[in-house]
Amino acid sequence: MKVIKLDAIDSTNEYLKDLIGKQLVDNFTIVTAENQTKGKGQMGSVWNSEIGKNLIMSILIKDFIFDISKIFNLNIAFSLAVINALEERKIPKVSIKWPNDIMSDTKKIGGILIENSIKSDGTISSVVGLGLNVNQTYFQDLPKASSLAIICHAFFNKEELLFSIVENMKLNLLTWNQQSDLMWQKYTNYLFKKEFQCHFRIKKIKISWALFKVFLL
């Protein structure tokens, strides 16, 4: 397992994807950074992190997904790896806010971004990015954010946490074929507010009838 440690980068996901485009990269290659200037979240959101305080990582996963319809399996395997590593450190009330936010009680402590690439021969590789708030204790204008340090009143070793997540993930991938049903159930059980009725507000979108017909086709 190769680990590339960077002081600063725009995005560890982008760095790893660029590296893959230039050379052969081993499975489970990891990129970490102390500072990420253009960290990405779900649907184009920005992930901000205080320098040196949090776990910022991306990892290459190959030879796990062989069917495009099974892509979400990786979300489950990696999300549970993060949850397991956190529970090993006694982080309370951890859950997964669908699809990829990591929560402790009602506070967001992390986010996962998975970007998949399908080659011409049909093989699928994935870059899995994780931003986890570890030792940051101040979040300006982010009332719903928290960190392991705030929650547990203690500081954590980021490198030990990284390797714990990776080892848990490797175990999940190795045992997926035998335990996929169990992992799906565990993922479901960890879903944030799964027993609660939630209300959503959908923005009004203007769309032409011609474009709507294209979508129907």
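Structure shown above.
Residues numbered from 1 in each chain as written. Predicted model: local features only at pLDDT ≥ 70, side-chain atom pairs only at ≥ 80, totals over all residues. Heavy atoms only, no water.

### Observations concerning the environment of Val-128
Stage number 1. Looking at the secondary structure, you find Val-128 in strand 9 (residues 124-132).
Stage number 2. In this structure Val-128 comes out as buried when scored by relative accessible area, which is 0%.
Stage number 3. Spatially, the C-alpha atoms of Val-128 and Leu-16 are 9.7 Å apart, while their sequence positions differ by 112 residues.
Stage number 4. Excluding residues within four positions of it along the chain, Val-128 makes contact with Asn-13, Met-57, Ser-58, Ile-59, Ile-61, Leu-74, Phe-78, Ile-112, Leu-113 and Ile-114. (Helix = DSSP H or I, 4+ residues; strand = E, 2+ residues; numbered from the N terminus. Buried < 20%, exposed > 50% of the residue type's maximum accessible area, 1.4 Å probe, protein only. Contact = heavy atoms within 4.5 Å.)

### A look at helix 2 (residues 72-88)
Stage number 1. Its 17 residues give helix 2 an end-to-end C-alpha distance of 24 Å, which sits within 8% of 24 Å, the value for a rise of 1.5 Å per residue.
Stage number 2. With 14 of 17 residues buried, helix 2 is to be regarded as a mostly interior element.
Stage number 3. Trailing helix 2 by a residue or two, Lys-90 shows a phi angle of about 65°, which is positive. (Expected span 1.5 Å × (residues − 1).)

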